[in-house]
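The primary structure of each chain is shown beneath.
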Amino acid sequence: MLRIMRNKLDAPVFTSPFLKPAGLALRSYSSSAKQMTVREALNSALDEEMSADHNVFLMGEEVGEYQGAYKVSKGLLQKFGPERVVDTPITEAGFTGIGVGAAFYGLRPVVEFMTFNFAMQAIDHIINSAAKTNYMSAGNINVPIVFRGPNGAAAGVGAQHSQCYAAWYGSCPGLKVLIPYSSEDARGLLKAAIRDPDPVVFLENELLYGEAFPVSAEVLDSRFCIPIGKAKIEREGKHVTITAFSKMVGFSLKAAETLAKDGIDAEVINLRSIRPLDRPTINASVRKTNRLVTVEEGFPQHGVGAEICASIVEDSFGYLDSPVERIAGADVPMPYAANLERMALPQVEDIISLENILKDVDENQGAPTSNEDQTPMMPLGVESNLGDAFHETETWQLNGASGLQVWEEVFW
Amino acid sequence: MAQLTRRTTDLLKPFSAALSSTRLLTTTSTTPITVETSLPFTGHKIDPPSRSVETTPQELMNFFRDMALMRRMEIAADSLYKAKLIRGFCHLYDGQEAVSVGMEAAITKKDCIITAYRDHCIFLGRGGTLLECFAELMGRKDGCSKGKGGSMHFYKKDSGFYGGHGIVGAQIPLGCGLAFAQKYSKDENVTFAMYGDGAANQGQLFEALNMAALWDLPAILVCENNHYGMGTAEWRAAKSPAYYKRGDYVPGLKANGMDAFAVKQACKFAKEHALKNGPIILEMDTYRYHGHSMSDPGSTYRTRDEISGVRQERDPIERIRKLVLSHDLATEKELKDIEKEVRKEVDEAIAQAKESPMPDPSELFTNVHVKGFGVEAFGADRKELRAVLP
């Protein structure tokens, strides 16, 4: 295998300790924990980073005088002036290109899209001008830019304003794609993104802007940063791993609470980073729980869940007690009518009603056995909706030296 | 009489400075000469500059040598492409050399240039070496982008050259972004964003121009109008092919792009304007002898007569040759010697580039990010080809 030298890790940054798990509802308040909305978190992150580095500037529609279309940049124009908080005309291709060009020169732009749906007009600059330039120039020109804005569905905004772009940007080498859930995520990841020397796509969520989360003193410190590429285990569990990002983390946590009442202990992973994807954390979790459910708001085909599923199948196939379940948005453009819209997006009930999980757990009277004393064979009790593929795999495993070698690689 | 003078000059070279009756100017002299541009400038919402351009013998000789070098490089690239040593795209600039050379004469390396994919000569003009050019074209590790970019992706940030872009028109907003950054940093320098008559119709040009004008950015948009956008003539692509006027509220200037001095004057004028008043559009009326790229013969949409006509009447190197001869700065033979020297230099660079090895396989995974966080990246066979991004 081809390996290249791993550099020494940079000086450690503050990371947030795991929020201590399970029993506690995640929004528990101690008298010392401050409440902060995601909006405030983003605003404070922008404020601090712009204060710390004169090269950081904000650019986008309504970011200045309007105080931000969603008030994320409230007060910044007053504090930093129109040179650093730049209101642009409604010309995404133009101002995104200008932002990337400024980053070429050495500034650190934060380009705001009113939603990522509009970023499609500028996607050539995000991918071809920003993501690929460091590679094409062999390191001569790097692009320290952040593209941020709301992503995914809002409420009742219709098909053209509701798409989730995590999978699209997540497939591009050269980009980093971050997607916060809580205020702590929002602050830490945005600060990390602005400090990062590479192009970062920062996918927020409009419906989360107003939600408040407790934040510790450490999170409020101006040096606070969350490492890029590390997922967070929001809730530890034993029976099933649920991966989610953005708003779906909240839904998954609610689902986990309900599942807990039925004796199913779900581990909820907040991905935080779509690219790089924290494969080690997800794999370690699945090797512990043996079951995986991926949750996302976006379209199912070629989605984030598909990539996670493929990754688990590659690295932890033998540890799976049941096929990976994907929960995603409906494979339709987003409808407007409230009932149809509700059907088009994953709801908490969808995450809970997982037939395989409940079936397996019931059969094994509450807790599936751990993997340690099992011989590495395909579990027999599984409903093979894999069908013929399953049997083909079995044959492949037993015949042929190369098949056995790969098998060994997976298991030993 | 002239011949006698010349011979005397040859013999008396060391004393030529003292003898005022023979060659007044040596090729290293910086005594100013004034030349007239071949055609007047045309202005749009601006008073055009004068046709008289100050130059020096040194500059004239440099123009000749630099353009001869560029011409020779592009012809050599043509042969290399046909020999299959260069793959993929190869867009040649021969015929347009005066634009690069004239521009460089008017600006410094602190000013920025950004262009599209016809970038070999611009890169050379910005200080790139022949070896870096040829090695990059052949995909070798001594190339300016270590072989990972190719013909369309030459860069040289330390000399203010920001590429080398394959997407038509994308370089214009990027160039306005460079100008934005220059203004933000209070640098007192300008950016030249170059594009062709094909790209002149791109929407993002007008989006970027609007913002450049709104914010008074020191951006100069330079349309290298070689009259063909790939195979489509300008009259078939643009309702209004007066590209210097397309800026509407932004002033424009049209110059003869085959005349290095006209280009120099226009760029000097534009730089002064941009630093005080914001964006300006320059249209350089130029011509490319080759087709759009090496896969285009260049003769299906224009006649060979047209091409040879331009070569005879308007060739930029011939214009300088005539100027050099008429100002008595060098003999025909000396100029031919320079061309031979240039040819030799190019041949040597090619030989050296051919020796350069291909990039190491580990380079597949380098430079994806500046900071890779130790993340894994995979090749086609995910078990075999993988690396950790540093």
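What counts, and at which threshold
- Positions within a chain are numbered from 1, following the residues in the order the chain's sequence is written.
- Lettering for chains starts from A, numbering for ligands starts from 1, and both go in the order in which the items are written.
- Local features in this predicted model are restricted to residues whose pLDDT is 70 or higher, and side-chain atom pairs enter the listing and the counts only when it is 80 or higher, whereas totals over whole chains, interfaces and linings include all residues.
- For the side-chain quantities, the full set of heavy atoms in the structure was used; hydrogens and water were omitted.
- Put simply, buried Ala, Val, Leu, Ile, Met, Phe, Trp, Tyr and Cys residues joined by side-chain atoms within 4.5 Å make one nonpolar core.
- For every residue, the accessible area obtained with a 1.4 Å probe (protein chains only) is divided by the maximum for its type, and the residue is called buried under 20%, exposed over 50%, and partly exposed between those limits.
- Here a strand is any run of E in DSSP of at least two residues, a helix any run of H or I of at least four, and the numbering for each starts at the N terminus.
- In this analysis, two residues are considered to be in contact whenever any of their non-hydrogen atoms come within 4.5 Å of each other.
- DSSP-based pairing: two strands are paired if at least 2 bridges between them are found.
- Throughout, the accessible surface (probe 1.4 Å) given up by two parts as they are put together, summed over both, is called the buried area.
- Take a side-chain nitrogen of Lys or Arg and a carboxyl oxygen of Asp or Glu: if they are within 4 Å of each other, that pair is a salt bridge.
- Pairs of N or O atoms within 3.5 Å make up the polar contacts considered here, provided that, within protein, one atom can donate a hydrogen while the other can accept it, and that residues adjacent in sequence are counted only when both atoms are side-chain atoms.
- Angles shown run from 0 to 180 degrees and are taken between the N-to-C directions of axes, each axis being a line fitted to C-alpha atoms and, for helices, limited to the stretch in contact.
- Confidence of the predictor at the level of single residues is captured by pLDDT, which takes values from 0 to 100.

Participant: I'm lost on the nonpolar core in this one. Help?
Facilitator: If you look at the biggest cluster of nonpolar residues, it comprises 80 residues, and the most contacted ones within it are A:Phe147, A:Tyr169 and B:Phe180. In terms of residue count, the dominant contributor to this core is helix H6 (residues 171–184) of chain B (8 residues). Residues within four places of B:Phe180 in sequence aside, it is in contact with A:Phe57, A:Glu83, A:Val86, A:Ile98, A:Ala102, A:Leu107, B:Trp215 and B:Leu217.

Participant: Help me out: how do you make sense of unusual backbone geometry in this one?
Facilitator: As a rule of thumb, non-glycine residues mostly have phi less than zero, and peptide bonds are mostly trans rather than cis. For the bond from A:Arg275 to A:Pro276, the omega torsion is 0°, close enough to zero to count as cis. The residue A:Pro276 is located in the loop between strand E12 (273–275) and helix H10 (279–289) in this model. Omega for the peptide link from B:Gly163 to B:Gly164 comes to 25°, which places this bond in the cis form. Here the phi dihedral of A:Lys71 falls at roughly 65°; this positive angle occurs in a residue that is not glycine. Relative to the helices and strands, A:Lys71 resides in the loop between strand E2 (56–60) and helix H2 (76–80). One non-glycine residue, B:Asp328, lies in positive phi territory at about 65°. You can see B:Asp328 is positioned in the loop between helix H11 (316–326) and helix H12 (332–355). Overall, the relative accessible area of 29% leaves B:Asp328 in the partly exposed class.

Participant: Help me understand the pairing of strand E5 (residues 146–150) of chain A in this model?
Facilitator: Every regular strand shows the same layout, with side chains that alternate between the two sheet faces. All names here are of chain A. A large share of E5 lies buried, amounting to 5 of its 5 residues. In this structure, strand E4 (residues 108–112) lies alongside E5, joined through 3 bridges in parallel fashion. Along E5, the bridge assignment pairs Val-110 with Val-146. Pairing geometry for E5 and strand E7 (residues 200–204), over 5 bridges, is parallel. Within E7, the residue paired with Gly-149 across the bridge is Leu-203.

Participant: Could you clarify how one ought to interpret H10(A) in this entry?
Facilitator: Buried within H10(A) we find A:Arg279, A:Thr281, A:Ile282, A:Asn283, A:Ser285, A:Val286 and A:Thr289. Once H10(A) ends, the next one or two residues include A:Asn290, with phi positive near 70°.

Participant: Could you clarify how one ought to interpret the interface of chain A and chain B in this entry?
Facilitator: How big an interface is tends to be stated in terms of the accessible area lost upon association of its parts. The interface is formed by 59 residues belonging to chain A together with 57 residues belonging to chain B. Between chain A and chain B lies a buried interface of about 5,000 Å² when both sides are counted; carbon and sulfur atoms form 64% of it. Linking chain A with chain B are 2 salt bridges. Close ionic contact of A:Glu83 with B:Lys186 constitutes a salt bridge, the shortest N to O distance being 3.8 Å. Our count for the chain A to chain B interface comes out at 16 residue pairs in polar contact (both at pLDDT 80 or more). Of all the elements in the fold, those that place two or more residues in the side of chain A that touches chain B are E2, strand E3 (85–87), helix H3 (92–105), helix H4 (123–131), helix H5 (133–136), helix H11 (304–316) and helix H16 (401–411) of chain A. The element that contributes the greatest number of residues to the side of chain A that touches chain B is H3(A), accounting for 11 residues.

Participant: Please clarify how the side chain of A:Thr243 should be interpreted in this entry.
Facilitator: All names here are of chain A. By the secondary structure assignment, Thr-243 is in strand E10 (residues 240–244). On the basis of relative accessibility, which here comes to 1%, the residue Thr-243 falls in the buried class. Beyond its immediate sequence surroundings of up to four residues, Thr-243 is in contact with Ile-269, Leu-271, Ile-282, Leu-292, Val-293, Thr-294, Val-295 and Ile-308.

Participant: Where do I start with the pattern of salt bridges in this structure?
Facilitator: Any two side chains of opposite charge can pair, so long as their charged atoms come close to each other. Scanning all chains against the criterion turns up 42 salt bridges over all chains. Note that B:Lys45 and B:Asp248 form a salt bridge whose closest N and O atoms lie 4.0 Å from each other. Taken as a pair, B:Lys45 in the loop between strand E2 (42–44) and strand E3 (52–55) and B:Asp248 in the loop between helix H8 (234–237) and strand E9 (252–256) lie far apart in primary sequence, 203 residues in all. One salt-bridge network, in which partners are shared between bridges, spans A:Glu48, A:Glu49, A:Arg187, A:Lys191 and A:Arg195.

Participant: Could you clarify how one ought to interpret the sheet that holds E2(B) in this entry?
Facilitator: Two strands in a sheet stick together by hydrogen bonds in their backbones, pointing the same way (parallel) or opposite ways (antiparallel). All names here are of chain B. Read from one edge of the open sheet, 6 strands run E2-E9-E10-E6-E5-E4, paired in mixed fashion. The open sheet is flanked by E2 and strand E4 (112–114), the only strands paired with a single partner. Averaged over all adjacent pairs, the angle separating strand axes in this sheet is 20°, with direction ignored. Pairing of strand E5 (residues 191–196) with strand E6 (residues 219–225), which is carried by 6 bridges, proceeds in the parallel orientation.

Participant: Sorry, what's going on with the confidence of the model for chain A here?
Facilitator: Low pLDDT marks regions whose predicted coordinates should not be analysed in detail. Residue and element names in this part refer to chain A. Scored by pLDDT, chain A comes out at a mean of 85, with 78% of its residues at no less than 70. Per-residue pLDDT stays below 50 along residues 1–26; that stretch engages in 48 contacts with residues further than four places along the chain or on separate chains. Within the model, the stretch residues 365–412 combines pLDDT values under 50 with 40 contacts to residues more than four positions away or in other chains.

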